[in-house]
Amino acid sequence: MNTPSQLCTFYVGDLFLGLDVLSVQEVIRSPELAQVPLAPPTIQGLLNLRGQILTAIDLRRMLKLREPKEGSDRKASMLMILRTANGQVALVVDSVGDVMELTEDTFEPPPDTVPSAVLHLIQGVHKLDRKLLHVLDAEATGSCQAAIATAA
């Protein structure tokens, strides 16, 4: 029998994504971020979280997704605070879903259609009823070096 894993789910645009719940410290509404001069576009800014300065990574740009159209009904951004081996980092996402418990029965490697530039960020895909859940690698996604590299 497969050991179920728990994923914290969220959306960036129309893309349904998930991260291992053990890597997610908390989810907060995005405060005003301090801009970082000359930072790559994947670095949205810095935030002060209870005295700790964290880098906020724009996951939309890191995954090379289209920007929302001007005047579209975009919801206020949320920040997922991740714990990685290199410390905490914030991911800017559009909205947060539920925690889902899934087994390997629905899990498959990333599809061939995933661009090679972001393939290292995606561990695989869970096939759910009428949608796919892309599972992100928390360590790779939460790496500022990866965010800078994908901006190139």
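Located above this text is the structure these notes cover.
In short, a report on the structure. Since the model is a prediction, treat every value here as computed from it, not as a measurement.

Remarks on the sheet that holds strand β5 (residues 52-58)
- As summarised here, the arrangement of the five strands in space is β3-β6-β7-β5-β4, forming an open sheet in which the pairing is mixed. Sheet topology places β3 (24-29) and β4 (43-49) at the edges, where each strand pairs with a single neighbour. On average, each strand axis in the sheet is tilted by 30° relative to the strand beside it, whichever way the strands run.
- The pairing of β5 with strand β7 (residues 87-93) spans three bridges and is parallel. Paired with D58 across the strands is V92, a residue of β7.

Comments concerning the side chain of S23
- By secondary structure assignment, the location of S23 is in the loop between β2 (15-20) and β3.
- A polar side-chain atom of S23 sits 2.7 Å from the main-chain carbonyl oxygen of D20.
- The contacts of S23, once residues within four sequence positions are left out, are I81, L82, R83 and A138.

Notes on the pattern of salt bridges
- Under the criterion given, the structure shown has five salt bridges.
- The partner of R50 in a salt bridge is E26, and the shortest N-O contact between them spans 2.4 Å. With R50 in the loop between β4 and β5 and E26 in strand β3, this pair connects stretches of sequence that are 24 residues apart.
- For R61, the salt bridge goes to E67, with nearest N and O atoms at 3.1 Å.
- For R61, a relative accessible area of 35% gives the class partly exposed.
- Residue classification places E67 among the partly exposed positions, given a relative accessible area of 43%.
- Taken together, the salt bridges that share partners define one network made up of D58, R61 and E67.

Rules used in this analysis
- Residues numbered from 1 in each chain as written.
- Predicted model: local features only at pLDDT ≥ 70, side-chain atom pairs only at ≥ 80, totals over all residues.
- Heavy atoms only, no water.
- Pairing = 2+ DSSP bridges.
- Helix = DSSP H or I, 4+ residues; strand = E, 2+ residues; numbered from the N terminus.
- Axes fitted to C-alpha atoms, helices over the stretch in contact; angles between N-to-C directions.
- Polar contact = N/O pair within 3.5 Å; in protein donor to acceptor, adjacent residues only side chain to side chain.
- Contact = heavy atoms within 4.5 Å.
- Salt bridge = Lys/Arg side-chain N within 4 Å of Asp/Glu carboxyl O.
- Buried < 20%, exposed > 50% of the residue type's maximum accessible area, 1.4 Å probe, protein only.

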